[in-house]
Amino acid sequence: MSARPGAGARLADGGLIDRTRTLRFRFDGREYAGHPGDTLASALLAHGVHRVARSFKYHRSRGILSAGFEEPNALVELGEGDARVPNTPATTIELFEGLDAQSQNRWPSLRFDLRAVNRLFSALLPAGFYYKTFMWPAAFWERVYEPAIRRAAGLGRASGAPDPATYERSYGFCDVLVVGAGPAGLAAALGAARSGARVWLVEADCRAGGRLLAERLAIGGEPALRWVEATVAELESMPTVRVLRRATAVGRYDGGVYAILERVGADRAQSAPFEPRERLWHVVARHGVLASGAIEQPLVFENNDLPGILLAGAVRAYANRYAVLAGRRVVVATSCDDAWATARDLLRAGASVEAIVDQRPAAARGPGAWAPDGVPVETGWLRRARGRDRVRAVEIEAASGRTRRVACDAIAMSGGWAPQLQLATHLGERLRWDGAAQCFAPESWPPDLSGAGAVCGEFGLAAALAAGARCGTGAARALGFRATDLVLPAVEPDRPLQTVPSRAARAVRAAFVDWQNDVTIADVQLAVREGFAASEHLKRYTTLGMATDQGKTSSLNGLIALAEATGRRLEELGPTTHRPPVVPVTIGALAGRHRGRHYRPTRLPPAHAVAADLGAVFVETGPWLRAQVFPRAGDRGWLDAMCREVNTVRRAVGVCDVSTLGKVDVQGADAPEFLERVYASRIATLAIGRVRYALMRREDGFVMDDGTVARLGERHYLLSTTTAGAVDVYRHLQYCRQVLWPDLDVRLASVTDQWAQFAVAGPRSRELLGRLVEPGIDLADPQFPLLAAGSVRLGDGTAARLFRVSFCGELAYELAVPARAAHRTLERLFEAGAPLGVAPYGLEALGAMRIEKGHVAGNEINGQTTAADLGLGRWTTKDGDSVGAVLARRPGLADPQRPRLAGFVPVDRAQRLGAGAHLIALGAPRDAAHDEGYLSSVAYSPTLGHWIGLGFLRRAAERVGERVLAHDPLRGRDALVEVVETPFVDPRGERLRG
Amino acid sequence: MRIPCPFCGLRGHEEFVVDGDATVTRPAPGRPDAPTAAVRFVYLRDNPAGWHREWWFHAFGCERWIVVERDTVTHAVGRVWSAGDPAPGEDR
Ligand SMILES: [Zn+2]
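The following paragraphs examine the structure supplied in this document. (Residues numbered from 1 in each chain as written. Chains lettered and ligands numbered in written order. Predicted model: local features only at pLDDT ≥ 70, side-chain atom pairs only at ≥ 80, totals over all residues. Heavy atoms only, no water.)

### Quick notes on the packing of aromatic side chains
Turning to step 1, where the next piece is worked out: Tallied over the entire structure, the rule returns 14 aromatic pairs over all chains.
Turning to step 2, where the next piece is worked out: Within the aromatic cluster, the residues linked to one another by ring pairs are Tyr735 of chain A together with Trp55, Phe57 and Trp65 of chain B. (Phe/Tyr/Trp six-rings, centres within 6.5 Å; stacked < 30°, edge-to-face > 60°.)

### Remarks on helix α5 (residues 224–237) of chain A
Residue and element names in this part refer to chain A.
Turning to step 1, where the next piece is worked out: End to end, α5 covers 20 Å across 14 residues, agreeing with the expected 20 Å (1.5 Å per residue, within 8%).
Turning to step 2, where the next piece is worked out: Residues of α5 that are buried include every one of Ala224, Leu225, Trp227, Val228, Thr231, Val232 and Leu235, and no others. Viewed end-on, α5 has its buried residues packed into an arc of 150 degrees, placing them on one side of the element.
Turning to step 3, where the next piece is worked out: Considering only its buried residues, α5 is in contact with α4 (183–193), β9 (199–202), β10 (218–219), β11 (222–223), β12 (241–244) and α9 (461–478). (Helix = DSSP H or I, 4+ residues; strand = E, 2+ residues; numbered from the N terminus. Expected span 1.5 Å × (residues − 1). Buried < 20%, exposed > 50% of the residue type's maximum accessible area, 1.4 Å probe, protein only. Arc of directions from axis to C-beta. Contact = heavy atoms within 4.5 Å.)

### Observations concerning empty space enclosed by the protein
Residue and element names in this part refer to chain A.
Turning to step 1, where the next piece is worked out: Overall, the coordinates contain eight cavities of 30 Å³ or more when judged by the stated rule.
Turning to step 2, where the next piece is worked out: By volume, the largest cavity amounts to about 260 Å³.
Turning to step 3, where the next piece is worked out: As for the largest cavity, its lining consists of 21 residues, and the residues nearest its centre are Ala418, Pro419, Phe440, Ser555 and His578.
Turning to step 4, where the next piece is worked out: For the lining of the largest cavity, the secondary-structure elements that each account for two or more residues are β24 (417–419), β25 (431–434), β26 (439–442) and α12 (555–566).
Turning to step 5, where the next piece is worked out: Its residues assigned to classes, the lining of the largest cavity comprises eleven nonpolar, nine polar and one charged.
Turning to step 6, where the next piece is worked out: The calculated volume of the second largest cavity comes to roughly 180 Å³. (1 Å grid on protein atoms, 1.4 Å probe; cavity = no way out; pocket = protein on both sides within 12 Å on 5 of 7 lines; lining within 4 Å. Points joined across faces, edges and corners; volume = space filled by probe spheres on them. Nonpolar A, V, L, I, M, F, W, Y, C, P; charged D, E, K, R; others polar.)

### Observations regarding the sheet that holds strand β44 (residues 918–921) of chain A
Residue and element names in this part refer to chain A.
Turning to step 1, where the next piece is worked out: Read around the closed barrel, the six strands follow the order β43-β46-β45-β44-β47-β48; overall the barrel is antiparallel. Neighbour-to-neighbour, the strand axes of this sheet turn through a mean angle of 45 degrees, independent of strand direction.
Turning to step 2, where the next piece is worked out: Alignment of strand β43 (residues 899–906) against strand β46 (residues 946–954), held across six bridges, turns out to be antiparallel. Of the residues in β46, the one forming a bridge with Gly903 is Leu950.
Turning to step 3, where the next piece is worked out: Across the face of the sheet, helix α20 (residues 843–852) comes into contact with β45 (931–941) and β46 while running at roughly 125 degrees to β45. (Pairing = 2+ DSSP bridges. Axes fitted to C-alpha atoms, helices over the stretch in contact; angles between N-to-C directions.)

### Digging into the interface of chain B and chain A
Turning to step 1, where the next piece is worked out: Taken together, the 23 residues of chain B in the interface contact 25 residues of chain A.
Turning to step 2, where the next piece is worked out: Interface area for chain B against chain A, summed over the two sides, is near 2,000 Å², with a carbon-plus-sulfur share of 61%.
Turning to step 3, where the next piece is worked out: At the boundary of chain B with chain A, the tally comes to two salt bridges.
Turning to step 4, where the next piece is worked out: Taking the shortest distance from any N to any O, the salt bridge between Asp881 of chain A and Arg26 of chain B comes out at 3.0 Å.
Turning to step 5, where the next piece is worked out: Looking at the side of chain B that touches chain A, the elements with two or more residues in it are β3 (17–21), α1 (34–43) and β4 (51–57) of chain B.
Turning to step 6, where the next piece is worked out: Here the side of chain B that touches chain A takes seven residues from α1 of chain B, the largest share from any one element.
Turning to step 7, where the next piece is worked out: Here the residues of the side of chain B that touches chain A are counted per class, giving 14 nonpolar, three polar and six charged. (Buried area = accessible area lost by both parts, 1.4 Å probe. Salt bridge = Lys/Arg side-chain N within 4 Å of Asp/Glu carboxyl O.)

### Focus: the side chain of Arg70 of chain B
Turning to step 1, where the next piece is worked out: As for its position among the elements, Arg70 of chain B is in strand β5 (residues 65–71).
Turning to step 2, where the next piece is worked out: A distance of 2.9 Å separates a polar atom in the side chain of Arg70 of chain B from a polar atom in the side chain of His75 of chain B. (Polar contact = N/O pair within 3.5 Å; in protein donor to acceptor, adjacent residues only side chain to side chain.)

### Brief notes about the coordination of the zinc ion
Residues and elements named next belong to chain B.
Turning to step 1, where the next piece is worked out: Protein ligation of the zinc ion involves Cys5 (SG), Cys8 (SG), His58 (ND1) and Cys62 (SG), the donor distances falling in the range 2.0 to 2.3 Å.
Turning to step 2, where the next piece is worked out: One chain supplies every donor to the zinc ion, and in sequence these donors are spaced C-x2-C-x49-H-x3-C. Residue Cys5 is located in strand β1 (residues 2–5), and its partner His58 is located in the loop between β4 and β5; the two are separated by 53 residues in the primary sequence.
Turning to step 3, where the next piece is worked out: Using a relative accessible area of 4% as the deciding quantity, one classes Cys5 as buried.
Turning to step 4, where the next piece is worked out: Overall, the relative accessible area of 0% leaves His58 in the buried class. (Donors = N, O, S within 2.8 Å, 3.2 Å for Na, K, Ca; no water.)

### Some details on a nonpolar patch on the surface
All names here are of chain B.
Turning to step 1, where the next piece is worked out: A grouping of Val39, Tyr43 and Leu44 is seen on the molecular surface, where their side chains present a nonpolar patch of about 260 Å² in accessible area.
Turning to step 2, where the next piece is worked out: By secondary structure assignment, the location of Tyr43 is in helix α1.
Turning to step 3, where the next piece is worked out: Take Tyr43: its relative accessible area is 41%, and that puts it in the partly exposed class. (Patch = residues over 30% accessible without salt bridge, like charges linked within 9 Å, V, L, I, M, F, W, Y side chains within 5 Å. Areas by Shrake-Rupley, 256 points an atom, 1.4 Å probe, with all protein chains shown as cover.)

### Topic: the pairing of strand β40 (residues 799–803) of chain A
Residue and element names in this part refer to chain A.
Turning to step 1, where the next piece is worked out: For β40, the tally of buried residues reaches four of five residues, placing the bulk of the element in the interior.
Turning to step 2, where the next piece is worked out: As paired strands, strand β39 (residues 789–793) and β40 are joined by five bridges and run antiparallel to one another. Paired with Arg793 across the strands is Ala799, a residue of β40.
Turning to step 3, where the next piece is worked out: Where β39 folds back on β40, the antiparallel hairpin that results is connected by five residues, among which Gly797 adopts a positive phi of roughly 95 degrees.
Turning to step 4, where the next piece is worked out: Pairing of β40 with strand β41 (residues 812–818), which is carried by three bridges, proceeds in the antiparallel orientation. If you follow Arg801 over to β41, its bridge partner there is Ala816.

### Section: the sheet that holds strand β20 (residues 377–387) of chain A
Residues and elements named next belong to chain A.
Turning to step 1, where the next piece is worked out: Across the sheet, seven strands lie side by side as β17-β23-β18-β19-β20-β21-β22; this open sheet has mixed pairing. Every other strand in the sheet has two partners, leaving β17 (309–311) and β22 (403–407) as the edge strands with one partner each. Averaged over all pairs of adjacent strands, the angle between strand axes in this sheet comes to 35 degrees, irrespective of strand direction.
Turning to step 2, where the next piece is worked out: Note: β17 against strand β23 (residues 410–414), three bridges, orientation parallel. Within the sheet, the bridge partner assigned to Ile309 lies in β23 and is Ile411.
Turning to step 3, where the next piece is worked out: On top of the sheet, helix α6 (residues 312–320) reaches β17 and β23; it is set at about 90 degrees to β17, its chief contact.
Turning to step 4, where the next piece is worked out: Its contacts with the sheet place helix α7 (residues 338–348) against β18 (329–334), β19 (352–358), β20 and β23, and it is angled at close to 170 degrees to β19.

### Observations concerning the state of the cysteines
All names here are of chain A.
Turning to step 1, where the next piece is worked out: Throughout the structure, instances matching the rule amount to zero disulfides over all chains.
Turning to step 2, where the next piece is worked out: Not part of a disulfide, Cys408 finds its nearest cysteine sulfur in Cys336, a span of 19 Å.
Turning to step 3, where the next piece is worked out: Cys408 gets classed as buried once you look at its relative accessible area, which sits at 3%. (Disulfide = S-S within 2.5 Å.)

### Here's the deal with unusual backbone geometry
Most peptide bonds are trans, and most residues other than glycine sit at a negative phi.
Residue and element names in this part refer to chain A.
Turning to step 1, where the next piece is worked out: Residue Pro580 is joined to Pro581 through a cis peptide bond whose omega torsion reads 0 degrees.
Turning to step 2, where the next piece is worked out: Located in the positive-phi region is Ala323, a residue other than glycine, with phi close to 55 degrees.
Turning to step 3, where the next piece is worked out: If you trace the backbone, Ala323 turns up in the loop between α6 and β18.

### Considering the nonpolar core
All names here are of chain A.
Turning to step 1, where the next piece is worked out: Formed by 72 residues in total, the largest nonpolar core has its most connected members in Leu40, Leu99, Tyr318, Leu382 and Ile411.
Turning to step 2, where the next piece is worked out: With six residues, the single largest contributor to this core is helix α1 (residues 40–46).
Turning to step 3, where the next piece is worked out: The residues contacting Tyr318, other than those within four sequence positions of it, are Ala41, Ser42, Leu45, Ile64, Ser66, Ala67, Thr91, Leu310, Ala323 and Val324. (Core = buried A, V, L, I, M, F, W, Y, C linked by side-chain atoms within 4.5 Å.)

### Re helix α19 (residues 822–833) of chain A
Residues and elements named next belong to chain A.
Turning to step 1, where the next piece is worked out: Compared with the 16 Å implied by 1.5 Å per residue over twelve residues, the 16 Å span of α19 between its first and last C-alpha is a close match.
Turning to step 2, where the next piece is worked out: When α19 is considered as a whole, its buried residues turn out to be Ala822, Thr825, Leu826, Leu829, Phe830, Ala832 and Gly833.
Turning to step 3, where the next piece is worked out: On its buried face, α19 sits against α14 (608–613), β32 (654–657), β38 (755–761), α18 (765–772), β41 and β42 (839–840).

Below, the structure written as structure tokens:
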């Protein structure tokens, strides 16, 4: 096994790698070695490994095309087991010791891929294949095609197991955000930062420098990287500047908000303890400077996807940055001057340049198009590459028509450079083709964003530095900072790039436009013939540009091919829309720490620990955890526990934590008037020291919430709301106060969290409370009758509030104490109540008892019911204005045919009821046309010994005693039920009064 | 989107709850066409493409209801003022 860090292709010196250290890694199970500073791609190329993937659709051998984030081919899976991450470009993976990567889209191995037979049948997979296939018999699609295609065409495999890595979200604010730390970005950051502005500089690479890392350029008479290092050092020395490396700005949103993905742990196998693998930044910037550069575009010719065919700039990057030769005998093919530099750098590094093939006639070339003596230069284009798993030769078609074949082991190609303008268009801005610069440019820049350097079609170093400095200082000045112009170091004058759009090949099947989605020039031409001649249609029909690389190396060539096929000019064809993210973002980064039970916050009432100590089983109700039942040894299930808890309340005394109910403190001279307007029920007549049940309506006349209103003083009230309605009701009350009636003298405060509240219920509840309150307080009926409310002091000095209200129908109270006293008060209730037989009860018992009493809850107050529907019309009989009063009187809502609340019992008392069952008259068909209502809440009644239910039924009041069918197709269970009056238990309320 | 709360300053929209159209006014009670006016107030809404006035509640801030002028096409935020106040430069 060869594990030397560079067999053959590694240059003896140069490059930004640390030759003093060797890193061992594995690719497809085989061991290799590289150096710090390598990427997985450069380390593989150093070993002469070009073929690293199979293509998505045809399973063709694919090599490394690029040296950056635009890579469409060399996607690998990193890691094993639950830590496996698919679809990472090998060109962006920093090499680390022990790195383990696998190739994708191959089975059983990269070398012998059985699905490569797809190539032979590629006529069966033309453009629009997916759409056309849907037209075939549906059953065939489901059983045959889809499973086969899914197995064949995966882009890497997700692990299917929970990701062990952690991710986090972070927030940042700055005056100027500079995207890209190439020469333009560095100059912009420096220009802005020296003014004192808060500057963030984000760079996707692990090093600042941009293209300077890949070139042999000088700044100020020294190697350009000296200037890069000095500039970064100055920026990082400023407390107002933050430089993020391995960070890609993936989205731009309104209000100057940017999403930035930082790959924190990208350079090591294992993250440090508590260190996230990735961090998603939400950065608010007053101004953005886009210095994101440009991406080189490939040329389109037959077999242009063979391993060994790379972008010319990437060949240069491998030679200069990584000291790796992509080939020893290279053909350079281009439509611009830039690739000529590749030929020169290759020669300098000791490779042989077999030919430079330029599409442009000599007269159209610029000053950069010069080659050392002895290099054959041809005007023409590549017709076809030859080779199987690596390019071996290329056929060159000269402008004269003569064709010749040149042997080679690599092709460096360039179809010009395309500015990376995605962020400039995320808010719907449009691009237009700039014929002079031969690239797309924004129709106009948004006021809070500017561009500098190659992203603006300014491809020279001098232009980039100048534009960066101008943008940085300009942005700072516009924000009110005093910025002085940068004194820029001397650089060689720029040479224009002189690109022409690359000429597309004729309709040959294997001339690829989109490497990642396997879209060929023939597919584009077929789509045009079938009528998909608009760029957005072409994209969707052929999937061109829709892979994870988002068309970074394919969209432009697709447009060029579309223009040629339709005889239109690029100016007439808009580019397809860019949407965030610019590069793929893991779901983990988007979720951050909001996963599993941290998906949303969990709220615990202040005495939660007491219930936990008592062995409660908890249930989620909205964000709250509430005790459902308190099981004991010997219980056969929750029903046993619930029945015991109900019986305890009905016979002795039980305690239930109801702290989650919403509580709103209302004060002010106009508080009575305010409450009269927000409640449908009468409030004005409520006396001090009394509490009343009340209904709140929405403006459309339906019931919004129910609860109690206690009058604590002349101008002081305390409202309770349902648990689920607490947040909405409070917001609604603030709306009423601030928007509808701002002139009323009233103030509101939510005190849900400040007060804990316990229901103390049962015939011995008064006795129990008597043991808690200060001696001398008389809770007997004359002093504290039903619906009394007031302050009491507990024996331990706690200032508490007591309300004599009952949800269960027994003599009962609700005791409220400040949250800090909740724990000890609840413990004290159980201690003091032990001799009385006290027991805790949970939501199941609470629910069963409220149904026994016919009280409505969330299942009934569901937003579709009126007070009359709920049988609560008596709580809304008042004149005058209140929210919802006018529309509650609509004829439709007063219709007697509306289903009304009623009680239901199974005729066969042993039968169980199911909530949601629909009520149908006996003998009527069981269909929607004969649906007369439904069961909303059901429970087993421990008091009655059988199931009972609440529900809504048309003309329910007239039908007491009638039998109807409770039809439950969902559970496959029908029950014959009898309509009864509620309450089911103690209809005259005698127990309530104790 | 960021909203310049008149009380708290520029804050992320995550802190707010939006409640829609602020151009409709609750009809005075007791007017003869009360049912029609109430239906208009509750149900009928314009859906302008461009500048609009909306009610926003600063739930994780000052708990004030504010009027936000927002361009529904671009999310650009214009003038912002507190409930109960007239729009800047307009009479109540
Ligand atoms: Zn605020």
